[in-house]
Amino acid sequence: MVGLRQLVIDAWSWLNYKPVMAEAGHLGSRAFPELAKTWVPPAELRRLAAYKVLAAYDNNQAGQLAAAGGDASALERRELGDAANLVDTALGYLLGSEQRVTVEGAENADDETPTPGAAEAAAVQDRLRKWADKELLTFRVQQAERAAVLLGDSVMVLAWNPQKQRPTLRVYDPGFFFPQWDDEDEDFPSRVHLAWELPADDDAGLKVRLRRVTYELGPISEGDPDGDAAEVGGRQYPWEPGRTSNVTCYLTDAEWLLEDLKNGETLDRLPMDKAAYRVRSDGTELNQLDLMIDFVPVVHIANTIPDGGEHWGRSVLARVLQALDELAATDSDSSAASATTGTPIIGLAGARLPVDRATGRPQELQVKAGAVWQLGETGRMDALDTSPQLAELRARVDHLLERIAANSRVTAAGLGTLEATEVPSGYALKLALGPLDALIGMMRLAREHKYRLLFKMVQRLYQAGRAEGWTAGETLPARLAWAPHTPTDRGAVLEEVVKAYGAGVLSLETAVAMLLEAGYPIKDASQEVERIRAKAEQEAVVRMAEAAARNGREEDGEDQEEDDGSGSAWVRKPVGKVSGRAPVEAGR
């Protein structure tokens with residue numbers, strides 16, 4: 001019996017029930033042969049094995065993985081996409097209908113008395129949104145977030161592109177990500193490896209190679225041409241004017257032949273004398289290349305808030321993986337039971353079986369429509385009825401789906417398996433979605449700081465690249481705003497906004513922001529506020545003009561006066577109803 005030799009409690013303990021986890025890193029492992037490489041750090045084996053197990057569930061290959069670990073019967077497991085459906089559903093709620101880049105203070109730029117720095121914040125927000133459009137940020141976020149929801153982690157890497165004059169954004173498999181923390185209390189690693197194997201190419205004469213891209217913070221070399229002469233090795237970065245720093249980030253991109261690596265030469269101990277360094281398009285060798293920044297442009301996104309002392313997130317499948325195994329087994333049993341229900345097992349007694357003339361042996365009877373069997377006087381036919389067992393198995397499938405929905409906190413209402421008749425009111429539906437609201441809130445909280453960090457790096461790369469419009473100065477705080485993850489009663493929100501704004505307890509900016517959060521098709525809150533105010537001013541001008549014209553007509557009619565010919569006085573003619581009384585001359 002294969003099992004764990006010791007009790008291990010870590011970020012991937014929920015996979016300890018899998019026998020294949022005990023084989024991770026062992027030579028001859030059929031489930032994880034790639035983890036037996038000499039360059040893989042031993043401390044990373046369980047994490048990489050967990051990623052492969054989760055990817056197998058996502059691709060309906062959990063049975064194949066179990067069979068590779070020695071369970072031959074697992075090949076008959078029926079997997080119908082329940083794991084992928086759970087991942088995609090959670091991802092859809094996490095992302096919402098859209099994501100927007102917002103900069104704090106930009107919404108006040110169009111006010112009559114804008115706050116200090118509002119115009120600058122609005123300009124930075126506009127430039128960041130243009131960068132997001134060019135770099136397909138929405139697409140990249142979908143790539144990164146699906147990996148994070150499924151595997152628990154994802155990695156995004158930024159790099160300055162001199163030709164495009166903007167930072168580029170790429171998403172990497174978290175299995176390629178190997179951070180190096182010098183101190184457990186550090187918030188960010190000072191050294192990061194991105195490593196993966198390159199397959200052999202017989203046509204090009206290339207052998208199997210290991211590629212490693214390393215970002216490392218270190219002191220500025222004395223030969224730095226941008227260093228201050230008065231303070232050798234120092235540099236003033238544009239986002240911290242007036243402050244001298246002696247730290248920079250170095251990039252190294254190299255390859256090794258896998259056959260040149262020996263035991264013990266793990267990822268952080270590779271022989272540099274056998275490295276073949278890559279060359280940039282301008283001919284620069286990528287060996288300790290100074291990137292002219294004081295941060296590592298790599299952002300690690302965790303699906304959940306890590307436990308104390310941990311850095312890795314947890315998959316949305318982690319808590320329900322055994323339930324998914326039970327569901328696959330029940331589906332397999334249900335399929336076998338439905339076969340015997342549709343084509344039942346029949347027992348015959350006293351039947352005259354047809355004989356094969358060639359062999360002289362009785363022929364096998366087949367259950368099919370129109371079949372006639374001859375029975376003797378004492379003959380009898382009995383059919384095995386498995387329909388009750390099939391009904392029980394189907395009920396168990398429903399029970400397991402409810403258990404998965406509850407324990408994953410996606411809920412039956414979130415998965416769409418809740419019957420409409422079971423929801424008596426909107427308040428009841430809100431209560432049913434309560435665990436999902438908490439789950440999405442926790443997942444978005446885990447990402448809030450990471451996306452703020454991403455946009456901070458984008459701004460600083462623009463400043464370091466001396467791009468047009470990006471001047472020196474402090475980096476402005478920017479964030480990724482998510483749309484509501486569940487449907488909103490837009491009519492109720494609109495009524496609330498109209499009443500509150502009309503009563504003067506809400507500003508126009510807050511009212512528009514509430515409509516935006518409710519799902520109204522407002523692209524930019526500040527521009528919408530400006531359009532509303534411009535329209536209100538235009539309507540006010542029109543009303544004033546109409547009122548002035550109306551008053552002018554009335555005054556023209558009322559002020560019609562004429563002389564009676566005596567020269568003694570003027571008489572005013574009435575306008576409107578004509579009085580039957582004669583005008584009275586003054587003095588009479």
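Keep in mind it's a predicted model, so treat the numbers as computed, not measured.

Criteria and cut-off values
- Residues numbered from 1 in each chain as written.
- Predicted model: local features only at pLDDT ≥ 70, side-chain atom pairs only at ≥ 80, totals over all residues.
- Heavy atoms only, no water.
- Helix = DSSP H or I, 4+ residues; strand = E, 2+ residues; numbered from the N terminus.
- Expected span 1.5 Å × (residues − 1).
- Patch = residues over 30% accessible without salt bridge, like charges linked within 9 Å, V, L, I, M, F, W, Y side chains within 5 Å.
- Areas by Shrake-Rupley, 256 points an atom, 1.4 Å probe, with all protein chains shown as cover.
- Salt bridge = Lys/Arg side-chain N within 4 Å of Asp/Glu carboxyl O.
- Lys, Arg positive; Asp, Glu negative; His and termini not counted.
- Charge placed at Lys NZ, Arg CZ, Asp CG, Glu CD.
- Pairing = 2+ DSSP bridges.
- Axes fitted to C-alpha atoms, helices over the stretch in contact; angles between N-to-C directions.
- 1 Å grid on protein atoms, 1.4 Å probe; cavity = no way out; pocket = protein on both sides within 12 Å on 5 of 7 lines; lining within 4 Å.
- Points joined across faces, edges and corners; volume = space filled by probe spheres on them.
- Nonpolar A, V, L, I, M, F, W, Y, C, P; charged D, E, K, R; others polar.
- Buried < 20%, exposed > 50% of the residue type's maximum accessible area, 1.4 Å probe, protein only.
- Parallel < 35°, antiparallel > 145°, perpendicular 65-115°, else oblique.
- Contact = heavy atoms within 4.5 Å.

Engineer: Help me out: how do you make sense of helix α7 (residues 387–408) in this one?
Structural biologist: Note that an α-helix has 3.6 residues per turn; residues three or four places apart therefore point the same way. Its 22 residues place the ends of α7 32 Å apart at the C-alpha level, agreeing with the 32 Å of an ideal helix rising 1.5 Å per residue. The positive-phi residue at the C-terminal boundary of α7 is Arg 409, with phi of around 70°.

Engineer: What am I meant to see in a negative patch on the surface here?
Structural biologist: Together, Asp 398, Glu 402, Glu 419 and Glu 422 line one region of the surface with negative charge. Looking at the secondary structure, you find Glu 419 in the loop between α8 (412–415) and α9 (426–432).

Engineer: I would appreciate a short explanation of the sheet that holds strand β12 (residues 298–302) in the present structure.
Structural biologist: Sheets are built from strands paired through backbone hydrogen bonds, the pairs being either parallel or antiparallel. As summarised here, the arrangement of the three strands in space is β3-β2-β12, forming an open sheet in which the pairing is antiparallel. The open sheet is flanked by β3 (166–172) and β12, the only strands paired with a single partner. Sheet twist, expressed as the mean angle between neighbouring strand axes with direction ignored, is 25°. Note that strand β2 (residues 153–161) and β3 share seven bridges and pair antiparallel. From the neighbouring strand, Leu 158 faces β3, where its bridge partner is Leu 169.

Engineer: Help me understand empty space enclosed by the protein in this model?
Structural biologist: In this approach, a probe sized like a water molecule rolls over the atoms, and the result shows the empty space that is left. The final tally for this structure, using the stated rule, is three cavities of 30 Å³ or more. Empty space within the largest cavity amounts to approximately 120 Å³. Forming the boundary of the largest cavity are 14 residues, of which Glu 79, Asp 82, Ala 83, Leu 324 and Ala 328 lie nearest the centre. Secondary structure elements with two or more residues in the lining of the largest cavity: α3 (82–95) and α6 (321–342). Take the lining of the largest cavity: its biggest share by element is four residues, from α6. Of the residues contributing to the lining of the largest cavity, the split by class is seven nonpolar, two polar and five charged. As for the second largest cavity, its lining consists of Ala 11, Thr 304, Ile 305, Pro 306, Asp 307, Glu 310, Trp 312, Gly 313 and Arg 314. Of the residues that constitute the lining of the second largest cavity, the class distribution is four nonpolar, two polar and three charged.

Engineer: Quick question: what am I supposed to make of unusual backbone geometry here?
Structural biologist: The bulk of non-glycine residues show a negative phi, and the bulk of peptide bonds are trans. Notably, Thr 411 is not glycine yet its phi reads approximately 70°, a positive angle. With respect to the element layout, Thr 411 can be found in the loop between α7 and α8. Residue classification places Thr 411 among the buried residues on the basis of a relative accessible area of 7%. In this structure, Arg 466 is a non-glycine residue whose phi angle is positive, near 55°. Here Arg 466 shows up in the loop between α10 (434–464) and β15 (478–482).

Engineer: Looking at this model, I keep getting lost on the packing of helix α1 (residues 45–58) against helix α5 (residues 137–151). Mind explaining?
Structural biologist: Pairs of packed helices are described in terms of their axes, by the angle between the two and the distance that separates them. It is the contact of α1 with α5, at a shortest axis distance of 9 Å, that shows an interaxial angle of 105°. Comparing their axes, α5 and α1 come out roughly perpendicular. For the pair formed by α1 and α5, the contact residues are Tyr 51, Leu 54, Ala 55 and Asp 58 on the first element and Arg 146, Leu 150 and Leu 151 on the second. Per-class residue counts for the contact of α1 with α5 are five nonpolar, no polar and two charged.

Engineer: For this particular structure, what's the right way to read the pattern of salt bridges?
Structural biologist: Two side chains bearing opposite charge may form a pair once their charged atoms approach each other closely. Counted according to the given criterion, the structure contains 26 salt bridges. Between Arg 77 and Asp 325 there is a salt bridge, with the nearest N and O atoms lying 3.6 Å from each other. Placement of Arg 77 in the loop between α2 (62–68) and α3 and of Asp 325 in helix α6 is noted, with a sequence separation of 248 residues between them. Between Glu 255 and Arg 209 there is a salt bridge whose closest N-O contact spans 3.6 Å.

Engineer: Is there a simple way to explain the environment of Leu 217 in this structure?
Structural biologist: Tracing the chain through its elements places Leu 217 in strand β6 (residues 209–219). C-alpha separation for the pair Leu 217 and Val 192, spaced 25 residues apart in sequence, amounts to 9.4 Å. Excluding anything up to four places from it in sequence, Leu 217 contacts Ser 190, Val 247, Thr 248, Cys 249, Asp 294, Phe 295 and Val 296.

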